[in-house]
Amino acid sequence: MAVPVAFFAVFFAYPVTAIVGRGLKAGGDWQFGRIGDVLARPDILDVLWFTTWQALASTALTLLIALPGAYVFARFDFPGKQVLRAVVTVPFVLPTVVVGTAFLALLGRGGLLDELWGVRLDTTVWAILLAHVFFNYAVVVRTVGGLWSQLDPRQEEAARVLGAGRFAAFRRVTLPALAPAVAAAALMVFLFTFTSFGVVQILGGPAYSTLEVEIYRQTAQLLDLPTAAVLTLVQFAAVGGILAVHAATVRRRERALKLVDPAQTSRRPRGPGQWALLGGVLLTALLLILLPLGVLVERSFDGPGGYGFGYYQALQSAGSGGSSTFLVPPLEAVGNSLRYALVATLIALVIGGLAAAALTRRAGRLVRGFDALLMLPLGVSAVTVGFGFLITLDKPPLDLRTSWILVPLAQALVGVPFVVRTMLPVLRAVDDRLREAAAVLGASPLRAWREVDLPLVRRAVLVAAGFAFAVSLGEFGATVFIARPDNPTLPVAVARLLGRSGELNYGQAMALSTILMLVCAVSLLLLERIRTDRSGEF
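These numbers come from a predicted model, not from an experiment. (Residues numbered from 1 in each chain as written. Predicted model: local features only at pLDDT ≥ 70, side-chain atom pairs only at ≥ 80, totals over all residues. Heavy atoms only, no water.)

## As for the packing of aromatic side chains
Aromatic ring pairs are described here by two measures, namely the spacing of the ring centres and the angle between the planes. Counted according to the given criterion, the structure contains 18 aromatic pairs. Seen from their ring centres, Phe7 and Phe11 are 5.3 Å apart, and the 55° between their planes marks the pair as tilted. With Phe7 and Phe11 both in helix α1 (residues 2–24) and four residues apart, this pair spans about one turn of that helix. Accessibility expressed as a relative area gives 7% for Phe7, which makes it buried. Ring centres of Phe301 and Tyr312 lie 5.1 Å apart, and the angle between their planes is 35°; this geometry places the pair in the tilted category. On the criterion of sequence distance, the pair formed by Phe301 in helix α13 (residues 271–301) and Tyr312 in helix α14 (residues 310–314) is long-range, its members being eleven residues apart. Take Phe301: its relative accessible area is 24%, and that puts it in the partly exposed class. Note on Tyr312: relative accessible area 16%, which makes it buried. (Phe/Tyr/Trp six-rings, centres within 6.5 Å; stacked < 30°, edge-to-face > 60°. Helix = DSSP H or I, 4+ residues; strand = E, 2+ residues; numbered from the N terminus. Buried < 20%, exposed > 50% of the residue type's maximum accessible area, 1.4 Å probe, protein only.)

Right, dumping it as structure tokens:
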């Protein structure tokens, strides 16, 4: 535990507490009265209210749309199922900047709806809600569908034999068994939408602001650190509560359910009703997921002189169209992002692998507290972390303000939780007797790990690396503060282009977003191939 704890202490706890301390201290004394003053302001109350109700609405809408998809993936076998599973998962690993850009191309000024029917939904709450459903659809499908595929269907069939109708059997037998998974998925969707930043910033406009967006505005634009510090504490408390409830639901699910092999529960659709349900899910995937991404790609080729590679060619010049948005050609952001993401993935694998190994040793409250610590970067304001890097890592021996390593360190903080959650179940499934047998035969702990654990978790390590790479590639909240102007990442470059007027800047943003989307999609398809490799499962 020593290395992961030290990493999180230096690069997470220290920057966050420093930025909060600067906001709540005056003349060396803590000014806790500022908390009440900030929370009493009408504009801040509006932000808190909007953050909460849009997260609740996004969660409810996501469950409503995604639960039929979870059932289809759990119970039906059909051609192209694995490809479709990968397709619906692509949005989850896409950067929020790309998601916002895709929906801007679909719903914004000059977008598809605007051209066809003269309807614009950007700067409305509907655009934000739809983008959140797009982003979190896979969370429900994977979480609920994964459990649903392992529930024994004979229990519901027995209820039908005893006279219960189809709905009554589902309500009394299947739904109680699924409730912990549904609750866990709902809590994760609520967490992601409660802390939404890139989507709201691009689609919401000045009229809508979540806590994360307001922290960015107060920090970067208004330099009001006291208000930003109070909002960070509020978000921290809310995220801590959500994670605590989520951990309780996961433990409940692990204790209460007896599961079967998913191969025993999946079959071809039968009857018009089941085929109609499958068709509805396919149509949902087409309209909700493929359409925004398709419009994004189409807009990247639709230049002033017709379709072509004009916007992509313009990415090779730093001053296209007289723009001074970049000190270097925007296309260099592709190479920067790949290099940063590879280094961040390596860091996340080392830190997350050590943490997962430590968590397999059940040591009571200390380990459970360590587990909760690892999840905090997913919910604590990335804006606070990024700005905290600038004001804390500025003195020897950690004077890193001008160092390239700052960006991978910030990205690794987000990647570590995905590494831990991917590797931990596999490490816990390794039979301790294998390690004991290796020790009896004279193997050292290191050799026992290399000869016993590593071969069993090799594929889990590859999947963890893929997820860490994808989320590192798309990290935006912290990177927007610390990426140097001459070395922008892809999400930062897209945000800069969208922040400037002009058709050329807009087209280049679409082109860069398309490139970023393709890199993330390829990473995910490789992951899906590894995960479903016939050589074994984990």
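Having seen it, we continue.
## Section: a nonpolar patch on the surface
Together, Leu283, Leu286, Leu287, Leu290 and Leu291 line one region of the surface with nonpolar side chains, adding up to about 430 Å² of accessible area. Mapped onto the secondary structure, Leu286 falls in helix α13. (Patch = residues over 30% accessible without salt bridge, like charges linked within 9 Å, V, L, I, M, F, W, Y side chains within 5 Å. Areas by Shrake-Rupley, 256 points an atom, 1.4 Å probe, with all protein chains shown as cover. Salt bridge = Lys/Arg side-chain N within 4 Å of Asp/Glu carboxyl O.)

## With respect to the pattern of salt bridges
In this structure the tally under the stated criterion is six salt bridges. Put simply, Arg41 and Asp43 hold a salt bridge, and the shortest N to O gap is 3.0 Å. When its relative accessible area of 33% is taken as the criterion, Asp43 is described as partly exposed. A salt bridge links Asp77 to Lys81, with the shortest nitrogen-to-oxygen separation between them at 3.7 Å. You can call Asp77 partly exposed: its relative accessible area is 34%. Taking the relative accessible area as the measure of exposure, Lys81 reaches 9% and is therefore buried.

## Some details on unusual backbone geometry
Phi at Leu223 is positive, roughly 55°, even though this residue is not glycine. Relative to the helices and strands, Leu223 resides in the loop between α11 (211–221) and α12 (225–256).

## Considerations on helix α5 (residues 96–107)
With twelve residues, α5 extends 16 Å between its outermost C-alpha atoms, agreeing within 8% with the 16 Å of an ideal straight helix rising 1.5 Å per residue. Among the twelve residues of α5, eleven are classified as buried, and the element is accordingly described as predominantly covered. Buried residues of α5: Val97, Val98, Val99, Gly100, Thr101, Ala102, Phe103, Leu104, Ala105, Leu106 and Leu107, and no others. (Expected span 1.5 Å × (residues − 1).)

## A look at the packing of helix α15 (residues 332–359) against helix α20 (residues 445–474)
Viewed as axis vectors pointing N to C, α15 and α20 meet at an angle of 135°, and their least axial separation amounts to 8 Å. As the angle between them shows, α15 and α20 are arranged oblique. Crossing hand, α15 versus α20: right-handed. Taken together, the residues of α20 that come into contact with α15 (itself represented by Ser337, Leu338, Ala341, Leu342, Ala344, Thr345, Ala348 and Leu349) are Val461, Ala464, Ala465, Ala468, Phe469, Ser472 and Leu473. Residue composition of the contact of α15 with α20, grouped by class: twelve nonpolar, three polar and no charged. (Axes fitted to C-alpha atoms, helices over the stretch in contact; angles between N-to-C directions. Parallel < 35°, antiparallel > 145°, perpendicular 65-115°, else oblique. Left-handed = near helix turned anticlockwise from the far one by under 90°. Contact = heavy atoms within 4.5 Å. Nonpolar A, V, L, I, M, F, W, Y, C, P; charged D, E, K, R; others polar.)

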